[in-house]
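# Architecture and fold: a report
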Amino acid sequence: MAARDDASSPLVERLVLALNGRRYEVAAAELEPSTTLLEFIRTRTPFRGPKLGCGEGGCGACVVLIAKYNPATDEVTEFSASSCLTLIYSLNYCSVITTEGLGNTRDGFHAIQKRMSGFHASQCGFCTPGMCMSIFSSLVNADNSKRPQPPNGFSKLTVSEAEKSFSGNLCRCTGYRPIVDACKSFASDVDLEDLGLNIFWKKSDRKPDVSKLPSYTFGGGICTFPDFLRSELKSLQQHTDDVNTTSSKEGWYQPRSIKHYYELINSTLFSESSVKVVIGNTSAGVYKDHDLYNKYIDIGGIPELSSIVSKSEGIEIGAAITISRSIEILEKESKSMSSPNGSVVFRKLAEHMSKVASPFVRNTASLGGNIMLAQKYSFPSDIATILLGVGSTVCIQVVGEPRHVTLEEFLEQPPLDRMSLLLSIFIPHWIADSQTDSSLVFETYRAASRPLGNAISYVNSAFLGHVSFDESSGDHVLNNLHLAFGAYGTEHAIRARKVEKFLTGKSLTASTIHGAIQLLKDTVVPAKGTSHPEYRVSVAVGFLFSFLSAHVKGIAYPGKTFSASSANSLDMIDIYDWPLSSRQETISGDEYKPVGEPVKKYGVELQASGEAVYVDDIPAPKNCLHGEFIYSTRPLSFVKNITFKSSLSSQKIIAVVSAKDIPKDGQNIGSMSMFGDEPLFGDPIAEFAGQALGVVIAETQRYADMAAKQAVVEYDTVDLNPPILTMEQAVQNNSYFNVPAVFYPKQVGDFSMGMDEADHKILSTEVKLASQYYFYMETQTALAIPDEDNNMVVYSSSQYPELAQTVIAKCLGIPLANVRVITRRVGGGFGGKAYRSFPVATAAALSAYKLQRPVKMYLNRNTDMIMVGSRHPMKALYSVGFKSDGKITALHLDLVIDAGISEDLSPVIPSGVISALKKYNWGALSFDIKLCKTNNTSKSAMRAPGDTQGSLIAEAVIEHVASVLSLDSNHVREMNFHTYDSLVLFYPASAGKDSTYTLRSIFNRLALTSSYLHRADTIKQFNICNKWRKRGISCVPLIFNVSPRPAPGRVSVLKDGSIVVQVGGIEIGQGLWTKVQQMTAFALGKLWPEGCEGLLERVRVLQADTLNLVQSGVTGGSSTSESSCAATLQACKLLVSRLNPVMNKMRLQSGTVSWDNLISQASQENVNLSASVYWVPEKGSNSYLNYGAGTSEVEIDLITGAVTILRSDLVYDCGMSLNPAVDLGQIEGSFIQGVGFFIYEEHQTNSDGLVISNSTWDYKIPTVDTIPKQFNVEVLNTGYHKDRVLSSKASGEPAVVLASSVHCALREAIRAARKDFANSAESGTSPLTFQLNVPAPMTIVKELCGFDIVEKYLENLGHKPASGA
Ligand SMILES: Cc1cc2nc3c(=O)[nH]c(=O)nc-3n(C[C@H](O)[C@H](O)[C@H](O)COP(=O)(O)OP(=O)(O)OC[C@H]3O[C@@H](n4cnc5c(N)ncnc54)[C@H](O)[C@@H]3O)c2cc1C
Ligand code: FES
Ligand code: FES
């Protein structure tokens, strides 16, 4: 078809777009309409920058910049978008920029990429391309604005915008702080001295200035819309509308008028159900497609849907206008309106909308799409609620004439079908009522698990009315009330009419509010099955109270924070808007240069530019197929049959691989450890929900994913016992795994004697800790390629390729030598890609073996979350005896751990728990540990396994003791610190020398540097002054046992002097390669007395290859970097010993000798230039203790339960850090991961044990808006440690444990709240006796503070509910 028809016909027959300035044209016949932009980029172009992290708009790994050109106005608009949700056909004649388009190895890197690198803002790198694009988009937007020109070298971006620019992007590694710094470095109002550790200037530099930063070209410096596309679009525009609706093709339809739409929809073409009507298609992130669609109708091009009409009565916004654009429109309108009162409505609507989803979703998500979701699917929309609150109306078209109805009526209609089009939304102007002398009041509220980053509301509301002062009563009176509530488990947002009526015209007093609240509780009733119903009702009550109480005298108004420092100040401080700040203290050693220097991460620019190759980035070999697991949704059931629903995606199935396909010499094995094996497939019994039953093979990953969803599994439980799903059931059934004696931790002293010494006892108190999902940004993935002679090459994203090789070989029944497992880099592991990576690698290998074609598997996020397993949930019952001064004399622990279905590494978890617990001197310590075998996914090691839980249990005991004795927790902590002698008793194998026991000095130092005592005092004052906000502070110590394992290493020098290093350790983002690179340069530099410059850049660290370097072992336990460095050092020493004679000879001849000359001469003399070693730690170096301490201060909002970490300070003993920047990154990142565990991440299963928190939608890892507002980290250099690798200590895991300080501070804050409200209530129980389990999200915080605190408060004021309620 000719170009002229393409633009005007509803059926798009070819797709033209520019990607990073290159033109792409594809005929529609070759490209399915359901193809996303991400899939297009990754499978049809050379670009791999955008990554697939979730496929649901929830992580930002796939963010790109889209530019659209309007030939009529000659304007280009640019915005970020999630390429995983954007359908490729919606971008016809658009331009797309990925991170490669910003900069790359060939053309040079962009300032964003260089600054991300230089601020150490990338670890595993999987999130980095998306981060770069979100930052780029913010810069471009800011620079396109009409603000004044910034100083040279800066953008118009502000610091506050920089902090929000990537609020929807997830990073599981860094803890966000360095990314914020990289982004802030562009802001025109930044003080460069506030920025964190970087390579551009040293802390000692007197005044950092912008010239030291990689230079930034104003506007971003990238041509986002190429000229060739402009010209094409211009010429297309000149052609007429020549409409053809009779086409019979599958594909993408773009009606240009309402009439066209109905012609299309009524034609026989669209009678079947495989058609989808879309605008931004972001709803696919919410309600996942369950089958393929072969026809799409994009209604975004219908002019009526894109119009914006500003009228005197209000503003009409077309349904296809994006949320971002709506925000701009509302902001603009609010500024232009004359009435200061009226503008409030628009401004607050815009503010609320800015908290919906994330920038890259809002940029493509339409206002109408949001409201339609609320109308059709009971979506818990924010926008529907707030627009309802301002009395909006909508214009809908149901075939015939357009109709105007109120939004309320619209939402109440039965779900509309595709015969109805939403055309526009009308938002009226609201102004003060001059006749009644009343002013306008308007507020919106939302309670969500994150303030900004991508979290749906538990409940939201919008309240509007006119308030006037009644002279006679001296009270305020409300009229024209609109009270809208939504998302609380309702079909759609509602107006609380009865409450409105009740309040209208009444004097606003405490008893009126109380009456309104009683009525509200009858109105806001969550539907059956809604999670946290009481919480939602209670928050709704809190919101109404907040709104009304502002107009009542003598009521503590929740919207205000009373500052303790200036007693009279009533300033409202919104803590969410507090600017982020940070301080990093590191000491670089120069004794072992370049070891000890904060050099930037090896290959980091490649990560930022998207050129770093992860498994899914390896170009698919010819004939490559793709696989996705079918998993059981039931525990302990026979699998009788697997069939597939009849659907478009089922037609794409090429094969199903199952246990039947395992070769006769092979075994049904999917994972193994030294403790036992786990089958690959549940055959004939599915033992747990989430177990693999087979693999669906198809031509593309999307087909395989979709087809796997079509599986219908027939189960049978005849003759089977009920499954064991809880720890309690396991105990009842004696279902345990054995913990071999050598792994069973050692008790200390005599518990009974210790209890006899005690003045007080606490008996059998429970603390529960739930699970945590790894949430590595790259899900499990493997590519298996059959090779000659029954060999298999498997590229696996694994922390343990060596054992993956064994499992694959056993499954296929072939020798180990026939299996080559290659791992270059891993997009985050955290323990989840050690033993849990094997099933994917093995399934891919088995599929490739059966089909004799390459097979790639890249688990989609939901499948990964359901199948892979997680951290060990556990519960502890403690009994503790103690003296009146706080000295603990004995502790006993009954510990029950859920290990899931297989042993995995679980038998080592008890020793982790107890090791962390031993950080205090308990006098006597005894325990009974049960490792439960349950019909749940196998639990596996996750960062600081066991230690994380053990430390929290220890702190729970300490705080309990402190609260019983009414002592300061810190006092009790210090009372129970080890002496060196007791340290040796508790840690006989690793205590080290007296001089290395640094905990006490660290703790004291932290108390000093964090002004702990002063702040604790201020907090007391704050809590007295504030009714609805409470603060808490806590300080926890850390002792962490590290056990380095043997490791191989090989260092080879090539003829040209370049150096390649192979080590057993895998680069999972922890900076292992960087440290190895530094170590190589240092160790080979020893050939010169003063070291050798320039060696660092010559070192290349190679990917792991199990046939090339054997005995590589597992990467985990924090110690792999130092083991790999130790092996490297040893190999280099060998080389040095061989090169030294050559060197000496040359020196005699010519004085100075260069590296190049030395190597060239050594080659000529046939010196062996490759050295292999296997480093085995000696006694003394195979186990040691790490020390640290962390203080955190939190604030809780008693109305919503929201937690804000105001400040965290960490001090950590790194020995002599091998690379302070890398170690700092590890410490910060692991701390934030710990915050996720202790506060945010709710790992939930259904009654069958199936994981239901299986997406970014309902599993919330920390985002940039949830990190401490102030985050200070000090990496101590404690000097020379004889038995360590160049005196260094590990940093990867221990700081996770320090996040328990946030949990403890939270407990303090809740305690303050309970004290307050219990005083005003009649309840007889001690408010201070409560248990705070893990995690402690806002719903729990609110529950512990009391769901009825508002009512209690009002009652306590002596007011009964006003009559009429
Ligand atoms: C990660 C993420 C987080 C989110 N967070 C929030 C949040 O916190 N609060 C919130 O309120 N929302 C949230 N959303 C929802 C988001 O606002 C909606 O997905 C979005 O507005 C839908 O717009 P769209 O243009 O992409 O609609 P589409 O996905 O294209 O369409 C949605 C549905 O509406 C129909 N439709 C669309 N427009 C019309 C029309 N004009 N007439 C008739 N039918 C139509 C379509 O057929 C489809 O059924 C989130 C979404 C994502 C992906
Ligand atoms: S992959 Fe697109 S947002 Fe996660
Ligand atoms: S660096 Fe951000 S996810 Fe790894």
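Residues numbered from 1 in each chain as written. Chains lettered and ligands numbered in written order. Predicted model: local features only at pLDDT ≥ 70, side-chain atom pairs only at ≥ 80, totals over all residues. Heavy atoms only, no water.

By the naming in an unreviewed UniProt entry, the chain goes by Aldehyde oxidase and is assigned to Digitaria exilis. Under the Subunit (unreviewed entry) heading, UniProt states for the chain: "Aldehyde oxidases (AO) are homodimers and heterodimers of AO subunits." A UniProt comment under Sequence similarities (unreviewed entry) is attached to the chain, and it reads "Belongs to the xanthine dehydrogenase family." (UniProt positions renumbered as here; feature names shortened; annotations may be inferred.)

This paragraph deals with the site of ligand 1. Of all residues adjacent to ligand 1, which total 38 residues, the nearest are Val-277, Ile-279, Thr-282, Ser-283 and Ser-366. Between ligand 1 and Val-277 there is a distance of 2.6 Å, counted from an oxygen atom to a backbone nitrogen or oxygen. At a separation of 3.4 Å, a nitrogen atom of ligand 1 approaches a polar backbone atom of Ala-357. Here ligand 1 loses 97% of its free accessible area of 970 Å² to cover by the protein chains. For the shell around ligand 1, the leading source of residues is helix H13 (residues 367-377), giving six residues. Classifying every residue of the shell around ligand 1 gives 23 nonpolar, eleven polar and four charged. (Near = heavy atom within 4 Å. Polar contact = N/O pair within 3.5 Å; in protein donor to acceptor, adjacent residues only side chain to side chain. Areas by Shrake-Rupley, 256 points an atom, 1.4 Å probe, with all protein chains shown as cover. Helix = DSSP H or I, 4+ residues; strand = E, 2+ residues; numbered from the N terminus. Nonpolar A, V, L, I, M, F, W, Y, C, P; charged D, E, K, R; others polar.)

With that out of the way, let us pick up the pairing of strand S35 (residues 888-898). Extensive coverage of S35 is indicated by the burial of ten of its eleven residues. Here nine bridges tie strand S34 (residues 874-882) to S35, and the two strands are oriented antiparallel to one another. Within S35, the residue paired with Lys-875 across the bridge is Val-896. The antiparallel hairpin formed by S34 and S35 contains five residues in its connecting segment, where Gly-886 sits at a positive phi of about 100 degrees. Relative to strand S36 (residues 924-932), S35 runs parallel, the two being bridged by nine bridges. Within the sheet, the bridge partner assigned to Leu-895 lies in S36 and is Ile-929. Following the chain from S35 across helix H26 (residues 909-917) to the adjacent parallel S36, one finds a crossover that is right-handed. (Buried < 20%, exposed > 50% of the residue type's maximum accessible area, 1.4 Å probe, protein only. Pairing = 2+ DSSP bridges. Right-handed = clockwise from strand over helix to strand, strands pointing away.)

As a further point, take the UniProt feature "binding site: [2Fe-2S] cluster 2" (unreviewed entry) in the chain. As annotated by UniProt and renumbered to match this structure, "binding site: [2Fe-2S] cluster 2" (unreviewed entry) occupies Cys-124, Cys-127, Cys-171 and Cys-173. In summary, the annotated positions, though distributed over 50 residues, converge in three dimensions, the widest C-alpha pair being only 9.3 Å. Since its relative accessible area comes to 3%, Cys-124 is described here as buried. Aside from chain neighbours lying at most four places away, what touches Cys-124 is Cys-173, Gln-607, Tyr-614, Val-826, Gly-827, Gly-828, Ile-1068 and Gly-1069. (Contact = heavy atoms within 4.5 Å.)

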